[in-house]
Each structure stands twice: as structure tokens, then as C-alpha cells.
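# Tertiary structure, described
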Amino acid sequence: MKQVVFISGKGGTGKSTVVAALSRMAGDKVLADCDVDAPNLHLLVRGTRTYQADFSGANAALIDREKCVECGACRDACRFDAIQEDYGVEPMACEGCGACMLVCPTDAIRLTQVKTGETYVDDTSLGTFSHARLDIGAEGSGKLVTEVKKNLEQYGKDEAWALVDGSPGIGCAVIASMTGADAVVAVCEPTRSGKSDLVRVLQVADHFGIPAFVCINKYDLNDEITGQIEAFCRENGIPLIGHIPYEPAVVKALQSFQTPVEAGLTHISDEIGRMWDALAAALNNN
Amino acid sequence: MRIAVLSGKGGTGKTTVAASLTSVGICQYVDCDVEEPNGAIFLKPRLTSSTPVTVAVPAVDLSRCDGCGRCAEACQFHAISVVKGTVLLFPELCHHCGACGIACPRDAVSETGREIGVIEADPDGFFIQGRLHIGEPVTIPVIQALKKRIREDVPVILDCPPGASCAVVASIRDCDYCVLVTEPTPFGLHDLKVAVGLVQQMNIPFGVVVNKAMNGDQRIQDYCMENGITVLMEIPFSREIAEGYARGMLPIQAGGEWRDRFLSLYKAIGGGNVR
């Protein structure tokens, strides 16, 4: 199975729209949404839930008040100010590192697993779909992303392709999304911020040695910056495989839960289809 | 007064709103989106200082280490492993908690600074941004370092990362008000609900700005009305605004009504003195 992860650096450039459109066009594939704290692909890819589980992606200290002698050693050891005046543990501050447990003279502290989200696998007409939801404000998004990808392999049936919707940014969630990928496709827009964020996320892909491709969405919004992105890709040997035009009807279609494919926006969907052909050809030659 | 601008979904216009508020008010701008900071593109500050953000990671004194493996057992983040008596460090996984040092019976673990990002600022510190280095997964220490440089003498606008994970929690903690920016699509509404859940859980007063608003689509306004949430402002969907944004221009720089509208917003959310 070849895994392609769609990333963007900057949010809102059209990653999920492109993946949802491709889900209607590409055959023999599974799907995943690794944007676990703002997942959206499930709104456009619906099916029957076949698996659902709680996910524990973090630990937190628990102090046994019977054993605690209130010596304060734990508070001195804690670098996250998580132990309160009354020896309660502030859950949002606790990192689950266990330093407190190591210094406690009366063995009053242990680490307990904390639920940080839920994982889901759906059976859909477009293929098996693995996704998740991070609990509000929870940590460990990278671990949850890794679980989503593990489920993809476990519940997939050795399809040719895995299409993975990534998250914005360059930190833990993005690094976890890219891990094990055969290629990343950076969907960007020709804005000054879009270009700045694209360059940073491509550096991350390069850092981890993952082949990258670029697609410019709304390319005709600013010819000058589109030109700069094209030049950047040329200079760095990164294939530019898509130029999707600005089309307000794409947003209108999304408002009724449609991708450009069902909405009949053929000038958009044809370009996404050409991009997929170019990508598949490049990866199949490897 | 600390005002955080967040969104749930990325690309809804957080930076547009945060930078516009900063342009009309006499306030400090803090770019907490340390993975992809963009405020400088719009506010064009003269960045004159760059301060490294370092975190403490373990260093092992091999003359003292006997390879017992207690440090690796203590580490909850798999940042240390001991294979055949040799200590291997994976510093990018380290959470800087110091547990390995506590666990070591031979006092062989010390700590050394490791740079994971920088804080950049203009001469008077009215503009500050964090920038995470490429390949680094852990953002929270950069956000915390940034927040140590928040000014107390003026209102502060914090431009937050997208999503609703721990990085957003670290950004909006201790803020007095949150502005939630969204757009009228199923994605925008879905992620707005997540962001609303977060600010409610943290008990911070908030209001909503609808960006790329369309007359025909009232889903955000309907949701806000049903839930008693204030809609602070609507910015229409327009190719003109999008093209200006592409060039690094804010709507208020186009003149006209936008300056007044952001002035009213700034006053309404308690920003204080204006330019």
C-alpha cells in the first residue's frame, strides 16, 4: 500500500476538499483523517462505523491522600506546576512524566492513563476510512495520529493507495502524519503567508527524507506569488503537479456537503484528476 | 487585558482579525502560532532581536554511568534507552521533566540546553513572535517563553495556532477574552463547535467573527443564536479581500469602512486606547 499524505503548512488551503474530491475519483484505496483536533473529512466521507475505541495517549499523576504526608517533595520536583496547594493534581498542567512519583518518600503517587480521544473506523462506499477525535484541549495529538495510521493498516485490505488528510503546522501532529508516508502533497495557496508556510512544511518533509509534491490551489488569485512558488519548486526539484483555479462555487458546493465532483465543477475536478494521475505515475515508477 | 484570537479550523482569518485589531489599537501583538507564524507578513514589524528558546535535555557522564537503565525506565516519553549498557538519547522526544536525573543512582545525568526555536521581537517589544525550528515536534516551551514576554502595561492581542490541542490551551490560558474566527462552511461550523467547547471549559468569555460571510448561508449565525453566543462581526466573502490578503494587505488598509468597523470591535471587546 502506498501512502500519500496531504499537508499544507498553513490551514484552510483546501487539503480536505482535495482529498474528498480524490476519494470520489481514485480507485482501490483507503482513507484517513490525521487532523485529529479539527477533523473535517468525515463530513464528506460517510459510512457505517465498524470500530470505535477510546484512546489513552497520556498519563497523569494520582496522589493517594491516605499515604501522602504532604512533604512537598513532589511539588519541588514538578516542572509543570501541576501539584496544587491541597496536593490535588491539575490535569491540564500535568505532563505525566512521573518525576513526582520518583521523589515521593511514601509511595503515594502513581501514574494513571488518561483518555485523550477516540478512534473510529468506518466502512464507506469510497473505501475503509480511519479517523479520530482528540478530546478538547488534550495533549498527545501525535500519538493519536499514529493510532489512526495503525488502524488504517489493520482495517485496510491491502489496497493500492492510502490517502491521508494531514493537519496544518509543522509540529508533532504533522511529523506523526508524515511518518511512514511514501509521499507528501503540499496543497498551498498563492498568498504571502501560504508561501511562507509551504516553504517551512517542505523543509520538514525534506528533513525526514519524504518525497514531496506541490499543488497550488486558487493559483489565479495572485500570479506573482504563484510564479514565486513555481520558481521555488523548480529550484528545489519538487514536482508541481496541480494548478487549481479560484472558484467560489467550490465553497457553495461544500455548504451542501458536496465536493467539486458531485457539484459538476468539471474544470476543478478534472484538474484534481490530472494531479492524481501525475502523482500515481510518479510513485508507480519508483 | 489579554485578547486571544483562535479558530479551530485553520485558514479562517485568525491572523487577519488579530493583525487588524493590532493596527487600530495601542497594544502588543503576540504570534503564538509558532509552527507557522504569519502576523509579521501583515504588520511588517522591524524585527531586531532574536532570542533562542532552549529546553533542558539530559546529558550523560559516561565515567559515572554503569548502564543500569533506571533513567530509561523512568522516562515516560521514550527519550532514553539503554541497550547493552550504552545510553542512547533521543532529545527531540524529551519533555524536559528531569525524571531521568532523579532516577539515576550514580548522579551521572546532568542537563544541557537544546535550542528548539526562537523568539523574535521589534525594538520596543510591541510585536513578538515565536518560531519553532524545522523537525521539532514540541511547541509548548516556545509558547511559554513567548508568554513570559507579554507586556502588562498595554492590552495584548494573541494570535493562536489552529486546532484545539494543548498548544491552543497554552496560548489562551490566562487570557481575558477570546475572539473565535470562523467561516460558513460545514468545516468551519464543526471546528467552531470544538473551539467553543474549549473556551467554555476554560471559562473564558468569548464572541464570534464570521469571515467569508455569505448572505445565503446563516449556519454560523443560527448556531450562535441558538446557543446565546455573540456574533461580533461579519466580514463578507469577496475576491477583492482575498486578493489583498494574498499580497499581505489587511482589509483596513483598503480604507473605507473597515477601519471603523475594527475600531468598534476593538472597543467592544475591551481593548482600550486606540490609535
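Here the residue numbering is sequential within each chain, running from 1 through the sequence in written order. In the order they appear in the text, chains get letters beginning with A and ligands get numbers beginning with 1. Thresholds applied to this predicted model are a pLDDT of at least 70 for local features of residues and 80 or more for the giving and counting of side-chain atom pairs; totals over whole chains, interfaces and linings are not thresholded and use all residues.

### Observations concerning the overall build of chain A
Helix and strand definitions follow DSSP, with helices as H or I runs of at least four residues and strands as E runs of at least two, each counted in order from the N terminus. A tally of helices and strands in chain A yields 9 helices and 9 strands. Taken over the C-alpha atoms alone, chain A extends approximately 70 × 40 × 40 Å along its principal axes. With 286 residues in all, chain A has 54% of them scored as buried. We call two residues in contact when their backbone-placed C-beta atoms lie within 7 Å. Here the contacts in chain A between residues at least 6 apart in sequence split such that 77% fall between residues at least 24 apart. Residues with at least 20 other C-beta atoms within 10 Å of their own are called buried, those with 12 or fewer are called exposed, and the rest are partly exposed. The C-beta atoms themselves are positioned from the backbone.

### Digging into the pairing of strand E8 (residues 156–159) of chain B
For a regular strand, side-chain orientation follows a simple rule: the groups alternate between the two sheet faces. Residues and elements named next belong to chain B. Here E8 shows two buried faces, one formed by Val156 and Leu158 and the other by Ile157 and Asp159. Strands pair, by our definition, only if DSSP identifies at least two bridges between them. In this structure, strand E1 (residues 2–6) lies alongside E8, joined through 4 bridges in parallel fashion. Across the sheet, residue Ala4 finds its bridge partner in E8, namely Leu158.

### Brief notes about the sheet that holds strand E11 (residues 231–236) of chain B
All names here are of chain B. The strand order E3-E6-E7-E2-E8-E1-E9-E10-E11 describes an open sheet built from 9 strands, whose pairing is mixed. Of all strands in the sheet, those with a lone pairing partner are strand E3 (49–60) and E11, marking the two edges. Within this sheet the neighbouring strands show an average axis-to-axis angle of 20 degrees, counted without direction. Here E1 runs beside strand E9 (residues 177–182); their pairing, made up of 4 bridges, is parallel. Residue pairing across strands places Leu6 opposite Leu180, the latter belonging to E9. Contacts between helix H1 (residues 14–24) and the sheet are confined to E1, strand E2 (28–31), E8, E9 and strand E10 (206–213), with E8 contributing the most and set at about 165 degrees to the helix. Axis angles are defined between N-to-C directions and span 0 to 180 degrees, where every axis is a line fitted to C-alpha atoms and, for a helix, only to the segment in contact.

### Considerations on the nonpolar core
Side chains that are nonpolar tend, in soluble globular proteins, to be buried together. The biggest cluster of nonpolar side chains holds 178 residues, and the ones touching the most others in it are Cys100 and Ala186 of chain A. Of the residues forming this core, the biggest block, 7 residues, is contributed by helix H7 (residues 186–201) of chain B. Definition of nonpolar core: a set of buried Ala, Val, Leu, Ile, Met, Phe, Trp, Tyr and Cys residues joined via C-beta atoms within 7 Å.

### Remarks on the sheet that holds strand E2 (residues 29–33) of chain A
Residue and element names in this part refer to chain A. An order of E3-E4-E5-E2-E6-E1-E7-E8-E9 is seen for the 9 strands of this open sheet, with the pairing classed as mixed. Each having just a single partner strand, strand E3 (47–63) and strand E9 (240–244) make up the two edges of the open sheet. Ignoring strand direction, the axes of neighbouring strands in this sheet form an average angle of 20 degrees. Across 8 bridges, strand E4 (residues 109–124) lies against strand E5 (residues 127–134) in antiparallel orientation. Along E5, the bridge assignment pairs Gly117 with Leu134. Running at roughly 170 degrees to strand E8 (residues 212–217), helix H7 (residues 223–235) makes contact with strand E7 (183–188), E8 and E9 of the sheet. Packed on one face of the sheet, helix H9 (residues 266–284) meets strand E1 (2–7), E7, E8 and E9 and runs near 175 degrees to E9.

### Focus: the interface of chain A and chain B
Chain A puts 51 residues into the contact, and the matching count from chain B is 49 residues. Counting residues per element, the ones that place at least two in the side of chain A that touches chain B are helix H3 (99–103), helix H4 (141–155), helix H5 (172–178), helix H6 (192–207) and helix H8 (248–255) of chain A. In terms of residue count, H6 of chain A provides more of the side of chain A that touches chain B than any other element does, 8 residues in total. Split by residue class, the side of chain A that touches chain B holds 22 nonpolar, 21 polar and 8 charged. All residues other than Ala, Val, Leu, Ile, Met, Phe, Trp, Tyr, Cys, Pro, Asp, Glu, Lys and Arg, Gly among them, are scored as polar; the first ten of these are nonpolar and the last four charged.

### Side note on the packing of H6 of chain A against H7 of chain A
Residue and element names in this part refer to chain A. It is at 10 Å that the axes of H6 and H7 come closest, and there the two elements cross at 15 degrees. What the angle tells us is that H6 and H7 run roughly parallel. Where H6 crosses over H7, the two elements pack in a sense that is right-handed. Residues Arg192, Lys195, Leu198 and Val199 of H6 lie in contact with H7, whose contacting residues are Ile225, Gln228, Ile229 and Phe232. Taken together, the residues of the contact of H6 with H7 break down into 5 nonpolar, 1 polar and 2 charged. The scheme is simple: roughly parallel for angles under 35 degrees, roughly antiparallel for over 145, roughly perpendicular for 65 to 115, oblique for anything else. Should the near helix be turned counterclockwise from the far one by less than a right angle, the crossing is left-handed, whereas a clockwise turn marks it as right-handed.

### Points about H6 of chain A
Its 16 residues give H6 of chain A an end-to-end C-alpha distance of 23 Å, which sits within 8% of 22 Å, the value for a rise of 1.5 Å per residue. Two residues or fewer after H6 of chain A comes Gly209 of chain A, characterised by a positive phi angle close to 70 degrees. Helix span, as expected, comes to 1.5 Å for every residue beyond the first.

### Brief notes about the pairing of E4 of chain A
Residues and elements named next belong to chain A. Sheet topology places E3 next to E4; 15 bridges connect them, and they run antiparallel. Of the residues in E4, the one forming a bridge with Ala60 is Thr112. Connecting E4 to the next strand, E5, in antiparallel fashion are 2 residues.

### With respect to the domain arrangement of chain B
All names here are of chain B. Segmenting chain B into domains produces domain 1 (2–48 + 122–268) and domain 2 (55–115). With 4 residues of domain 1 in contact, the opposing surface of domain 2 contributes 4 residues. Class assignment of the residues belonging to the side of domain 1 that touches domain 2 gives a composition of 2 nonpolar, 1 polar and 1 charged. Here the limits of each domain have been adopted from an automatic or database domain assignment.

### Side note on the environment of Gln228 of chain A
Position of Gln228 of chain A among the secondary structure elements: in helix H7. Spatially, the C-alpha atom of Gln228 of chain A lies 8.7 Å from that of Pro190 of chain A, the residues being 38 residues apart in sequence.

### A closer look at the environment of Gly197 of chain B
Residue position: Gly197 of chain B is located in helix H7. Placed 156 residues apart in sequence, Gly197 of chain B and Ile41 of chain B show a C-alpha to C-alpha distance of 30 Å.

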